2 protein chains.
Amino acid sequence: MSFNVITISRDFGSGGRTVGNKLAEALGIPCYDSEIVDKIAENSEFSKEYLDKKTDENNIGFFSNIFKSNYYYESSEEDIIFAIQSKVIKQLAEKPCVIVGRCSDYILKDRNDVFNVFIYADDEARKKRIIKQYGENEKLPERRLRDKDKQRAAYYRYFTDKQWGDPRNYDICLNSAKLGINGCVEILLKAINDK
Amino acid sequence: MSFNVITISRDFGSGGRTVGNKLAEALGIPCYDSEIVDKIAENSEFSKEYLDKKTDENNIGFFSNIFKSNYYYESSEEDIIFAIQSKVIKQLAEKPCVIVGRCSDYILKDRNDVFNVFIYADDEARKKRIIKQYGENEKLPERRLRDKDKQRAAYYRYFTDKQWGDPRNYDICLNSAKLGINGCVEILLKAINDK
(Lines give C-alpha, C1' and ligand atoms only; values in the text may rest on other atoms or scores of the structure.)
Protein backbone atom coordinates (compact mmCIF):
# COMPACT_ATOMS: atom_id res chain seq x y z
CA MET A 1 0.00 0.00 0.00
CA SER A 2 1.11 3.57 -0.55
CA PHE A 3 -0.04 4.72 2.89
CA ASN A 4 2.08 4.13 5.97
CA VAL A 5 -0.18 5.69 8.56
CA ILE A 6 -3.97 5.65 8.91
CA THR A 7 -5.65 8.18 11.19
CA ILE A 8 -9.16 7.48 12.47
CA SER A 9 -11.29 10.39 13.64
CA ARG A 10 -14.70 9.42 14.95
CA ASP A 11 -17.93 10.69 16.39
CA PHE A 12 -18.48 9.56 19.99
CA GLY A 13 -20.40 6.26 20.02
CA SER A 14 -19.77 5.46 16.35
CA GLY A 15 -17.42 2.52 17.04
CA GLY A 16 -14.51 4.26 15.29
CA ARG A 17 -12.02 3.06 17.90
CA THR A 18 -13.06 -0.57 17.26
CA VAL A 19 -12.74 0.02 13.51
CA GLY A 20 -9.20 1.32 14.12
CA ASN A 21 -8.21 -1.69 16.25
CA LYS A 22 -9.62 -4.22 13.77
CA LEU A 23 -8.04 -2.45 10.80
CA ALA A 24 -4.62 -2.40 12.50
CA GLU A 25 -4.97 -6.10 13.33
CA ALA A 26 -5.84 -6.91 9.70
CA LEU A 27 -2.86 -4.88 8.47
CA GLY A 28 -0.51 -6.34 11.10
CA ILE A 29 0.49 -2.92 12.43
CA PRO A 30 -0.01 -1.31 15.86
CA CYS A 31 -3.03 0.86 16.75
CA TYR A 32 -2.28 3.82 19.05
CA ASP A 33 -4.95 5.32 21.22
CA SER A 34 -4.45 5.46 25.01
CA GLU A 35 -0.76 4.58 24.46
CA ILE A 36 -0.28 8.16 23.30
CA VAL A 37 -1.05 9.37 26.83
CA ASP A 38 1.67 7.09 28.28
CA LYS A 39 4.17 8.58 25.82
CA ILE A 40 3.18 12.15 26.67
CA ALA A 41 3.68 11.34 30.38
CA GLU A 42 7.18 9.98 29.59
CA ASN A 43 7.99 13.22 27.72
CA SER A 44 6.69 15.67 30.31
CA GLU A 45 6.24 16.53 33.96
CA PHE A 46 2.57 15.57 33.83
CA SER A 47 1.30 12.33 35.42
CA LYS A 48 -0.64 9.81 33.37
CA GLU A 49 -3.70 10.27 35.60
CA TYR A 50 -3.66 14.02 35.07
CA LEU A 51 -3.11 13.66 31.32
CA ASP A 52 -5.97 11.18 31.02
CA LYS A 53 -8.29 14.07 31.84
CA LYS A 54 -6.40 16.56 29.69
CA THR A 55 -5.48 14.95 26.38
CA ASP A 56 -8.85 13.70 25.33
CA GLU A 57 -11.12 15.64 23.00
CA ASN A 58 -13.58 15.31 25.88
CA ASN A 59 -11.43 17.41 28.19
CA ILE A 60 -14.06 18.95 30.44
CA GLY A 61 -12.19 22.03 31.69
CA PHE A 62 -10.89 22.78 28.19
CA PHE A 63 -12.50 26.17 27.65
CA SER A 64 -11.88 27.53 31.12
CA ASN A 65 -8.22 26.49 30.82
CA ILE A 66 -7.36 27.91 27.41
CA PHE A 67 -8.59 31.33 28.56
CA LYS A 68 -6.88 31.12 31.97
CA SER A 69 -3.46 32.45 30.93
CA ASN A 70 -2.71 35.87 32.42
CA TYR A 71 -0.76 37.23 29.49
CA TYR A 72 -1.42 36.91 25.79
CA TYR A 73 2.06 35.47 25.23
CA GLU A 74 1.67 32.79 27.89
CA SER A 75 0.76 29.32 26.57
CA SER A 76 -2.04 27.51 28.34
CA GLU A 77 -1.39 24.06 29.80
CA GLU A 78 -3.57 22.71 26.97
CA ASP A 79 -1.27 24.30 24.36
CA ILE A 80 1.82 22.80 26.03
CA ILE A 81 0.26 19.34 26.21
CA PHE A 82 -0.87 19.60 22.57
CA ALA A 83 2.69 20.45 21.51
CA ILE A 84 4.05 17.36 23.31
CA GLN A 85 1.19 15.25 21.89
CA SER A 86 2.07 16.46 18.37
CA LYS A 87 5.70 15.46 18.89
CA VAL A 88 4.69 12.02 20.20
CA ILE A 89 2.30 11.41 17.29
CA LYS A 90 4.96 12.42 14.76
CA GLN A 91 7.41 10.00 16.40
CA LEU A 92 4.92 7.12 16.45
CA ALA A 93 4.04 7.82 12.79
CA GLU A 94 7.64 7.17 11.73
CA LYS A 95 6.63 3.49 11.49
CA PRO A 96 3.41 2.13 9.92
CA CYS A 97 0.49 2.37 12.37
CA VAL A 98 -3.13 3.34 12.94
CA ILE A 99 -3.73 6.37 15.19
CA VAL A 100 -7.15 6.99 16.74
CA GLY A 101 -8.25 10.58 17.42
CA ARG A 102 -6.21 13.42 18.93
CA CYS A 103 -6.20 15.61 15.79
CA SER A 104 -3.69 13.19 14.26
CA ASP A 105 -5.06 13.97 10.77
CA TYR A 106 -4.07 17.62 11.31
CA ILE A 107 -0.78 16.91 13.09
CA LEU A 108 0.36 14.74 10.14
CA LYS A 109 -1.15 16.97 7.41
CA ASP A 110 2.19 17.65 5.68
CA ARG A 111 2.82 13.98 4.90
CA ASN A 112 1.45 12.43 1.72
CA ASP A 113 1.57 8.81 2.96
CA VAL A 114 -1.17 9.29 5.56
CA PHE A 115 -4.74 8.13 4.95
CA ASN A 116 -7.37 10.03 6.94
CA VAL A 117 -10.64 8.35 7.93
CA PHE A 118 -13.76 9.70 9.64
CA ILE A 119 -16.29 7.28 11.21
CA TYR A 120 -19.77 8.48 12.17
CA ALA A 121 -23.27 7.12 12.75
CA ASP A 122 -26.79 8.39 13.34
CA ASP A 123 -27.80 9.38 16.86
CA GLU A 124 -30.04 6.35 17.49
CA ALA A 125 -27.20 3.93 16.72
CA ARG A 126 -24.77 5.98 18.82
CA LYS A 127 -27.13 6.04 21.81
CA LYS A 128 -27.47 2.25 21.73
CA ARG A 129 -23.72 1.84 21.42
CA ILE A 130 -22.72 4.11 24.32
CA ILE A 131 -25.19 2.40 26.67
CA LYS A 132 -23.84 -1.01 25.61
CA GLN A 133 -20.18 0.11 25.87
CA TYR A 134 -20.17 2.44 28.87
CA GLY A 135 -23.46 1.64 30.64
CA GLU A 136 -26.18 4.06 31.70
CA ASN A 137 -25.39 7.03 33.92
CA GLU A 138 -27.26 9.99 35.40
CA LYS A 139 -27.22 11.84 32.06
CA LEU A 140 -29.66 10.96 29.30
CA PRO A 141 -27.91 9.37 26.27
CA GLU A 142 -28.88 12.26 23.96
CA ARG A 143 -27.33 14.71 26.44
CA ARG A 144 -24.13 12.62 26.64
CA LEU A 145 -23.87 12.64 22.84
CA ARG A 146 -24.54 16.36 22.56
CA ASP A 147 -21.98 17.25 25.25
CA LYS A 148 -19.24 15.09 23.71
CA ASP A 149 -20.01 16.29 20.17
CA LYS A 150 -19.68 19.90 21.30
CA GLN A 151 -16.46 19.20 23.20
CA ARG A 152 -14.86 17.38 20.26
CA ALA A 153 -15.87 20.12 17.83
CA ALA A 154 -14.44 22.82 20.12
CA TYR A 155 -11.18 20.92 20.70
CA TYR A 156 -10.72 20.28 16.96
CA ARG A 157 -11.58 23.85 16.01
CA TYR A 158 -9.22 25.33 18.60
CA PHE A 159 -6.16 23.33 17.53
CA THR A 160 -6.76 22.95 13.78
CA ASP A 161 -8.96 25.94 12.84
CA LYS A 162 -11.11 23.49 10.87
CA GLN A 163 -14.64 22.23 11.28
CA TRP A 164 -15.06 18.87 13.04
CA GLY A 165 -16.61 16.25 10.76
CA ASP A 166 -16.20 18.23 7.52
CA PRO A 167 -15.54 15.43 4.99
CA ARG A 168 -13.02 17.65 3.21
CA ASN A 169 -10.61 17.06 6.13
CA TYR A 170 -10.58 13.32 5.36
CA ASP A 171 -9.99 10.88 2.49
CA ILE A 172 -13.01 8.74 3.30
CA CYS A 173 -15.97 9.01 5.69
CA LEU A 174 -18.00 5.94 6.65
CA ASN A 175 -21.38 5.58 8.35
CA SER A 176 -20.76 2.63 10.69
CA ALA A 177 -24.48 2.24 11.48
CA LYS A 178 -25.22 1.61 7.81
CA LEU A 179 -22.03 -0.23 6.80
CA GLY A 180 -21.33 -2.14 10.05
CA ILE A 181 -18.03 -2.18 11.96
CA ASN A 182 -16.67 -5.09 9.92
CA GLY A 183 -18.03 -3.53 6.73
CA CYS A 184 -16.06 -0.35 7.49
CA VAL A 185 -12.88 -2.40 8.04
CA GLU A 186 -13.37 -4.25 4.73
CA ILE A 187 -13.97 -1.01 2.80
CA LEU A 188 -10.89 0.59 4.36
CA LEU A 189 -8.73 -2.42 3.50
CA LYS A 190 -9.94 -2.15 -0.10
CA ALA A 191 -9.36 1.62 -0.24
CA ILE A 192 -5.87 1.34 1.23
CA ASN A 193 -4.70 -1.73 -0.67
CA ASP A 194 -5.96 -0.51 -4.05
CA LYS A 195 -3.80 2.61 -3.92
CA MET B 1 -27.33 -6.22 -2.97
CA SER B 2 -29.78 -4.84 -0.41
CA PHE B 3 -29.90 -1.38 -2.01
CA ASN B 4 -32.05 -0.68 -5.05
CA VAL B 5 -31.18 2.96 -5.54
CA ILE B 6 -27.89 4.84 -5.16
CA THR B 7 -27.91 8.62 -4.92
CA ILE B 8 -24.74 10.56 -5.71
CA SER B 9 -24.35 14.06 -4.31
CA ARG B 10 -21.15 15.80 -5.30
CA ASP B 11 -19.10 18.93 -5.00
CA PHE B 12 -18.76 20.79 -8.31
CA GLY B 13 -15.64 19.61 -10.13
CA SER B 14 -15.19 16.45 -8.04
CA GLY B 15 -16.10 14.06 -10.86
CA GLY B 16 -19.12 12.72 -8.95
CA ARG B 17 -21.24 12.57 -12.09
CA THR B 18 -18.63 10.37 -13.79
CA VAL B 19 -18.50 8.14 -10.69
CA GLY B 20 -22.31 7.80 -10.93
CA ASN B 21 -22.22 6.90 -14.62
CA LYS B 22 -19.45 4.33 -14.19
CA LEU B 23 -21.09 2.81 -11.11
CA ALA B 24 -24.42 2.44 -12.94
CA GLU B 25 -22.65 0.83 -15.90
CA ALA B 26 -20.88 -1.65 -13.60
CA LEU B 27 -24.19 -2.50 -11.88
CA GLY B 28 -26.08 -2.71 -15.20
CA ILE B 29 -28.69 -0.16 -14.12
CA PRO B 30 -29.57 3.30 -15.52
CA CYS B 31 -28.01 6.53 -14.25
CA TYR B 32 -30.36 9.54 -14.17
CA ASP B 33 -29.05 13.05 -14.32
CA SER B 34 -30.22 15.39 -17.13
CA GLU B 35 -33.01 12.86 -17.95
CA ILE B 36 -34.77 14.12 -14.83
CA VAL B 37 -35.26 17.51 -16.52
CA ASP B 38 -36.93 15.84 -19.53
CA LYS B 39 -39.34 14.06 -17.20
CA ILE B 40 -40.20 17.27 -15.34
CA ALA B 41 -40.92 18.95 -18.68
CA GLU B 42 -43.27 16.05 -19.59
CA ASN B 43 -45.07 16.48 -16.26
CA SER B 44 -45.45 20.25 -16.33
CA GLU B 45 -46.10 23.36 -18.40
CA PHE B 46 -42.39 24.29 -18.29
CA SER B 47 -40.16 23.89 -21.33
CA LYS B 48 -36.98 21.84 -21.15
CA GLU B 49 -34.88 24.93 -21.93
CA TYR B 50 -36.46 26.89 -19.10
CA LEU B 51 -36.13 23.98 -16.68
CA ASP B 52 -32.47 23.50 -17.57
CA LYS B 53 -31.83 26.83 -15.90
CA LYS B 54 -34.19 26.16 -13.01
CA THR B 55 -33.71 22.61 -11.77
CA ASP B 56 -30.02 22.63 -11.24
CA GLU B 57 -28.43 23.30 -7.88
CA ASN B 58 -26.64 26.07 -9.75
CA ASN B 59 -29.86 27.95 -10.50
CA ILE B 60 -28.62 31.51 -10.69
CA GLY B 61 -31.85 33.41 -9.97
CA PHE B 62 -32.71 31.05 -7.12
CA PHE B 63 -32.70 33.52 -4.25
CA SER B 64 -34.45 36.32 -6.04
CA ASN B 65 -37.17 33.87 -7.12
CA ILE B 66 -37.94 32.18 -3.84
CA PHE B 67 -38.55 35.58 -2.25
CA LYS B 68 -40.57 36.93 -5.19
CA SER B 69 -43.99 35.58 -4.16
CA ASN B 70 -46.39 38.32 -3.14
CA TYR B 71 -48.21 36.39 -0.46
CA TYR B 72 -46.84 34.07 2.19
CA TYR B 73 -49.19 31.30 1.05
CA GLU B 74 -48.12 31.55 -2.59
CA SER B 75 -45.58 28.92 -3.70
CA SER B 76 -42.61 30.20 -5.68
CA GLU B 77 -41.93 28.71 -9.11
CA GLU B 78 -38.92 26.99 -7.51
CA ASP B 79 -41.18 25.27 -4.95
CA ILE B 80 -43.53 24.06 -7.69
CA ILE B 81 -40.66 22.72 -9.80
CA PHE B 82 -39.15 21.01 -6.73
CA ALA B 83 -42.47 19.29 -6.02
CA ILE B 84 -42.62 17.94 -9.61
CA GLN B 85 -38.94 16.97 -9.43
CA SER B 86 -39.63 15.04 -6.19
CA LYS B 87 -42.48 13.15 -7.86
CA VAL B 88 -40.32 12.33 -10.90
CA ILE B 89 -37.42 11.10 -8.72
CA LYS B 90 -39.76 8.91 -6.65
CA GLN B 91 -41.15 7.39 -9.86
CA LEU B 92 -37.70 6.74 -11.34
CA ALA B 93 -36.59 5.18 -8.04
CA GLU B 94 -39.28 2.51 -8.31
CA LYS B 95 -36.74 0.51 -10.32
CA PRO B 96 -33.03 0.07 -9.50
CA CYS B 97 -31.00 3.07 -10.63
CA VAL B 98 -28.32 5.64 -9.79
CA ILE B 99 -29.52 9.25 -9.39
CA VAL B 100 -27.05 12.14 -9.52
CA GLY B 101 -27.77 15.28 -7.51
CA ARG B 102 -31.08 17.16 -7.15
CA CYS B 103 -31.51 16.48 -3.40
CA SER B 104 -32.38 12.87 -4.30
CA ASP B 105 -30.91 11.69 -0.95
CA TYR B 106 -33.45 13.87 0.84
CA ILE B 107 -36.37 13.14 -1.51
CA LEU B 108 -35.91 9.38 -0.93
CA LYS B 109 -35.06 9.66 2.79
CA ASP B 110 -37.99 7.50 3.95
CA ARG B 111 -36.82 4.43 2.04
CA ASN B 112 -34.36 1.99 3.59
CA ASP B 113 -33.10 0.50 0.32
CA VAL B 114 -31.37 3.69 -0.82
CA PHE B 115 -27.60 4.14 -0.48
CA ASN B 116 -26.46 7.76 -0.29
CA VAL B 117 -23.01 8.79 -1.53
CA PHE B 118 -21.14 12.10 -1.37
CA ILE B 119 -18.15 12.73 -3.66
CA TYR B 120 -15.77 15.62 -2.98
CA ALA B 121 -12.18 16.69 -3.69
CA ASP B 122 -9.74 19.39 -2.68
CA ASP B 123 -9.90 22.74 -4.46
CA GLU B 124 -6.72 22.23 -6.49
CA ALA B 125 -8.02 18.99 -8.01
CA ARG B 126 -11.43 20.56 -8.66
CA LYS B 127 -9.91 23.60 -10.42
CA LYS B 128 -7.94 21.32 -12.75
CA ARG B 129 -11.01 19.22 -13.45
CA ILE B 130 -13.39 22.08 -14.31
CA ILE B 131 -10.88 23.62 -16.71
CA LYS B 132 -10.40 20.22 -18.39
CA GLN B 133 -14.15 19.48 -18.50
CA TYR B 134 -15.71 22.87 -19.20
CA GLY B 135 -12.77 24.95 -20.44
CA GLU B 136 -11.62 28.34 -19.21
CA ASN B 137 -14.00 31.29 -19.05
CA GLU B 138 -13.90 34.91 -17.87
CA LYS B 139 -14.16 33.89 -14.22
CA LEU B 140 -11.14 32.62 -12.31
CA PRO B 141 -11.45 28.90 -11.43
CA GLU B 142 -11.48 29.62 -7.68
CA ARG B 143 -14.35 32.06 -8.17
CA ARG B 144 -16.28 29.51 -10.24
CA LEU B 145 -15.86 26.93 -7.47
CA ARG B 146 -16.85 29.36 -4.71
CA ASP B 147 -19.96 30.53 -6.59
CA LYS B 148 -21.18 27.00 -7.35
CA ASP B 149 -20.40 25.79 -3.81
CA LYS B 150 -22.47 28.62 -2.35
CA GLN B 151 -25.34 28.00 -4.78
CA ARG B 152 -25.45 24.26 -4.06
CA ALA B 153 -25.30 24.83 -0.32
CA ALA B 154 -28.16 27.38 -0.51
CA TYR B 155 -30.31 25.14 -2.72
CA TYR B 156 -29.77 22.11 -0.46
CA ARG B 157 -30.42 24.09 2.72
CA TYR B 158 -33.61 25.65 1.34
CA PHE B 159 -35.23 22.38 0.32
CA THR B 160 -33.87 19.96 2.94
CA ASP B 161 -33.06 22.18 5.96
CA LYS B 162 -29.75 20.32 6.20
CA GLN B 163 -26.15 21.34 5.69
CA TRP B 164 -24.63 20.58 2.29
CA GLY B 165 -21.72 18.16 2.56
CA ASP B 166 -22.38 17.11 6.16
CA PRO B 167 -21.28 13.43 6.10
CA ARG B 168 -24.17 12.55 8.42
CA ASN B 169 -26.55 13.02 5.46
CA TYR B 170 -24.81 10.19 3.59
CA ASP B 171 -23.74 6.55 4.03
CA ILE B 172 -20.28 7.05 2.58
CA CYS B 173 -18.21 10.09 1.50
CA LEU B 174 -15.25 9.69 -0.84
CA ASN B 175 -12.41 12.04 -1.75
CA SER B 176 -12.08 11.46 -5.50
CA ALA B 177 -8.77 13.35 -5.70
CA LYS B 178 -7.19 10.90 -3.26
CA LEU B 179 -9.01 7.69 -4.26
CA GLY B 180 -9.38 8.32 -8.02
CA ILE B 181 -12.60 8.10 -10.04
CA ASN B 182 -12.17 4.37 -10.67
CA GLY B 183 -11.09 3.86 -7.05
CA CYS B 184 -14.36 5.46 -5.89
CA VAL B 185 -16.36 3.16 -8.19
CA GLU B 186 -14.52 0.07 -6.85
CA ILE B 187 -15.09 1.09 -3.23
CA LEU B 188 -18.78 1.75 -3.88
CA LEU B 189 -19.21 -1.62 -5.56
CA LYS B 190 -17.66 -3.27 -2.52
CA ALA B 191 -19.78 -1.26 -0.06
CA ILE B 192 -22.99 -2.01 -1.96
CA ASN B 193 -22.35 -5.64 -2.74
CA ASP B 194 -21.19 -6.55 0.77
CA LYS B 195 -24.47 -5.45 2.31
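Cut-offs used in this document
- Residues numbered from 1 in each chain as written.
- Chains lettered and ligands numbered in written order.
- Predicted model: local features only at pLDDT ≥ 70, side-chain atom pairs only at ≥ 80, totals over all residues.
- Heavy atoms only, no water.
- Core = buried A, V, L, I, M, F, W, Y, C linked by side-chain atoms within 4.5 Å.
- Buried < 20%, exposed > 50% of the residue type's maximum accessible area, 1.4 Å probe, protein only.
- Contact = heavy atoms within 4.5 Å.
- Axes fitted to C-alpha atoms, helices over the stretch in contact; angles between N-to-C directions.
- Helix = DSSP H or I, 4+ residues; strand = E, 2+ residues; numbered from the N terminus.
- Parallel < 35°, antiparallel > 145°, perpendicular 65-115°, else oblique.
- Nonpolar A, V, L, I, M, F, W, Y, C, P; charged D, E, K, R; others polar.
- Phe/Tyr/Trp six-rings, centres within 6.5 Å; stacked < 30°, edge-to-face > 60°.
- Lys NZ or Arg CZ within 6 Å of the ring centre and 35° of its normal.
- Least-squares fit on C-alpha atoms with pLDDT ≥ 70 in both.
- Salt bridge = Lys/Arg side-chain N within 4 Å of Asp/Glu carboxyl O.

1. Focus: the nonpolar core
Among the nonpolar cores identified, the biggest contains 58 residues, and Ile36, Ile99 and Leu108 of chain A together with Ile36 and Ile99 of chain B are the most heavily contacted of them. Leucine 108 of chain A has contacts with Val5, Thr7, Ile89, Lys90, Ala93, Ile99 and Val114 of chain A, leaving out every residue within four places of it along the chain. Listed in part, the 48 residues of the second largest apolar core include Ile6 and Cys31 of chain A together with Cys31 and Leu174 of chain B.

2. Thoughts on the packing of helix H7 (residues 123-134) of chain B against helix H8 (residues 141-160) of chain B
Residue and element names in this part refer to chain B. Two elements in contact, H7 and H8, have axes whose closest approach is 9 Å; the angle formed by their N-to-C orientations is 100 degrees. Classified by the angle their axes make, H7 and H8 are roughly perpendicular. Mapping the contact onto sequence places Asp123, Arg126, Lys127, Ile130, Ile131 and Tyr134 in H7 and Pro141, Glu142, Arg144, Leu145 and Asp149 in H8. Residue composition of the contact of H7 with H8, by class: five nonpolar, no polar and six charged.

3. As for the packing of aromatic side chains
Applying the stated criterion across every chain yields a total of 22 aromatic pairs over all chains. A centroid spacing of 4.8 Å and a plane angle of 80 degrees characterise the contact between tyrosine 158 of chain A and phenylalanine 159 of chain A, whose relative ring orientation is edge-to-face. On the basis of relative accessible area, phenylalanine 159 of chain A is assigned to the buried category, the value being 11%. By way of ring pairs, the aromatic residues Phe118, Tyr120, Tyr156, Trp164 and Tyr170 of chain A are connected into one cluster. The aromatic ring of tyrosine 106 of chain B is capped on one face by lysine 109 of chain B, whose charged end is 4.4 Å from the ring centroid. The positively charged end of lysine 148 of chain B is found above the aromatic ring belonging to phenylalanine 12 of chain B, 4.9 Å away from the centroid.

4. Section: the relation of the copies chain B and chain A
Mapping chain B onto chain A calls for a rotation angle of 180 degrees and an axial translation of 0.0 Å; the resulting RMSD is 0.0 Å. The superposition operator between the copies reduces to a two-fold rotation axis. Residue cysteine 173 of chain B of chain B places its C-alpha closer to the rotation axis than any other residue of that unit, at 2.4 Å. Comparing interface residues between copies, 100% of those in chain B also sit at the interface in chain A, which points to an isologous, same-surface contact.

5. Here's the deal with the pattern of salt bridges
Tallied over the entire structure, the rule returns 30 salt bridges over all chains. Here arginine 111 of chain B ties to aspartate 113 of chain B by a salt bridge, and the two come within 3.0 Å at their closest N and O atoms. We note a salt bridge from aspartate 147 of chain B to lysine 139 of chain B, for which the minimum N-O separation is 2.6 Å. One network of salt bridges, in which partners are shared, links Asp11 of chain A together with Asp166 and Arg168 of chain B.

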